Amino acid sequence: MTWAPLFLSLEIATIAMVLSMIIGTGLALLLSWRKLPGRDFVDALVSAPLVLPPTVLGYYLFTAIGPNSWIGRAWEWLFGSRLVFNFKGAVIAATVGSLPLVVRSVRVGLDAVEPNLIAAARTLGARPRRVLVTVTLPLAGPGMIAGAMLGFARALGDYGMTQVVAGARIDGLGLVNTSPASIYTYDQFIGGHDDAARAMAIVTTIVGVTILYVANRMTRRLQRG
Amino acid sequence: MAELVAEIRLARGAEFALEVELRCPPGVTCVMGPSGSGKSTILAVLAGLQLPDRGRVALGDAVWLDRAAGIDVPVHDRRLAYMFQGLALFPHLSGLHNVTYGMHHVERAARPAKAQALLDRLGVGHLARRRPRTFSGGEAQRVALARALARSPELVLLDEPFSALDRELRAQLIALVRELVGELGVPAVHVTHSVAEARLLADQVIRLEHGKIIDRGAADVVLRGVTSLEE
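Calculation rules
- Residues numbered from 1 in each chain as written.
- Chains lettered and ligands numbered in written order.
- Predicted model: local features only at pLDDT ≥ 70, side-chain atom pairs only at ≥ 80, totals over all residues.
- Helix = DSSP H or I, 4+ residues; strand = E, 2+ residues; numbered from the N terminus.
- Buried ≥ 20, exposed ≤ 12 C-beta atoms within 10 Å, placed from the backbone.
- Contact = placed C-beta atoms within 7 Å.
- Nonpolar A, V, L, I, M, F, W, Y, C, P; charged D, E, K, R; others polar.
- Pairing = 2+ DSSP bridges.
- Right-handed = clockwise from strand over helix to strand, strands pointing away.
- pLDDT = per-residue confidence, 0-100.

**Comments concerning the overall build of chain A**
Across its full length, chain A holds eleven helices and zero strands. Starting at the N terminus and ending at the C terminus, chain A contains elements arranged as α-α-α-α-α-α-α-α-α-α-α. Across its three principal directions, the C-alpha atoms of chain A cover 65 × 40 × 30 Å. Taken across its 225 residues, chain A has 40% of its residues classed as buried. Here the contacts in chain A between residues at least 6 apart in sequence split such that 76% fall between residues at least 24 apart.

**As for the overall build of chain B**
Tallying secondary structure elements over chain B gives seven helices and eleven strands in all. Projected onto its principal axes, the C-alpha positions of chain B cover 45 × 40 × 35 Å. Taking all 231 residues of chain B together, the buried fraction comes to 44%. The long-range fraction of contacts in chain B, counting pairs at least 24 apart against all pairs at least 6 apart in sequence, stands at 67%.

**Description of the interface of chain A and chain B**
On the side of chain B, 18 residues touch chain A, which itself brings 14 residues to the contact. Within the residue set of the side of chain A that touches chain B, elements represented by two or more residues are helix 6 (115-123) and helix 7 (128-139) of chain A. When the residues that make up the side of chain A that touches chain B are grouped by side-chain class, the tally is eight nonpolar, four polar and two charged.

**Considering the pairing of strand 8 (residues 155-159) of chain B**
Residues in a regular strand project their side chains so that they alternate between the two faces of the sheet. All names here are of chain B. The element strand 8 is extensively covered by neighbouring structure, given that five of its five residues are classed as buried. Burial along strand 8 is two-sided: Leu-155, Leu-157 and Asp-159 facing one way and Val-156 and Leu-158 facing the other are all buried. Both strand 7 (residues 80-83) and strand 8 contribute to a ladder of four bridges, which runs parallel. Bridging across to strand 8, Leu-80 finds its partner in Leu-155. Pairing geometry for strand 8 and strand 9 (residues 187-192), over four bridges, is parallel. Directly across from Asp-159, in strand 9, lies its bridge partner Val-191. The parallel pair strand 8 and strand 9, bridged by helix 5 (residues 167-184), forms a crossover whose chirality is right-handed.

**Here's the deal with the confidence of the model for chain B**
Residue and element names in this part refer to chain B. Put simply, chain B has an average pLDDT of 89, and 96% of its residues get 70 or more. The secondary structure element of chain B with the lowest average pLDDT is helix 7 (residues 219-222), at 84, and the one with the highest is helix 2 (residues 95-100), at 97. For this predicted complex, the interface confidence reaches an ipTM of 0.90, while the overall pTM sits at 0.82.

Shown next, in the form of structure tokens:
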């Protein structure tokens, strides 16, 4: 029994959470712009990972960034390594999977900001970027924290996309040739190692539930002001 | 001293169009009218928060809006103080930081002391470190007033800011607004549907109904014999 898969999953989920927060907040701001051309279509596209089977998503992602795609070839030419069958692939898969949850939560947070507060900031001389940084985003804080935590939890639990895009065994940051917790648990279960599968499943569940519990507490505290 | 001159034409659904011409010298002009007569829309246009179909807004020689000439100075570049109906104090900032938020014209290091002095003058200096959710109604009004006036505005816009207060508190704040606007020497446009409030505050009164001006002039003349606007 090794805990390396859990640490690998935590590494992947942490980096995916940061990336999906950056990309997701940008997308949420874009989607909150009512005049955006094709807004509903972009919204549906961003939300697609919620309804598509993870293996289908993994297939699309592999097609988009795999060794035969132009993105994959350009990356390999620039950096001398592939985007798939490695740690990077696992992070990309987890990021894409968690993106719709992050976007939706941040949008809920942004929608909850009173328009009068934004108008007040503008009449006090704040330019759009300052309004965003000092009023809109801080007041959307509860939604953003909820988004970050949901994104982390989703990334921690990913199986299908990671399997397709990253493969069963990869190298993490300081971890060599191991599997993320979800794949490890499945492999142990199929291989008849019930104790190892059970232990990993329970610890992963405890970590996930604890994160969501802490996030709920933080969100409520922020909402109270 | 600069005078505010504005012409606003704005279609508001099928019901009526807002069509007004304002001339507001330094001092308080009360725009009065029943709910839905277009009072708050006028303030939104003056502030640059809403664009009229046609119109022009000028403060002295400075043209803030001229639809025909394609001029529309952004809200953040219009030096104005706007007190919203719901006050719109930033809930995540302390009383002091609410006041310093708009003080770009003051050197950064000097802002806290100036903001504190203004809060002290309005009798709410003790709220500097507290968040707005702990303020009473009257305290919140005073902090909002301090925040608006801390900008050293060239135009003051007041959107029924005293409507939720009791009579005594309202009278106190009205006296304070008169005093502060008088010191600034700028035009102030105060939107209200309260005749009593207008009597206490206004130098000039403009009465509005269904988006059109039905009467204007010195407050004591326009309000003579008027008891209520919801007639």
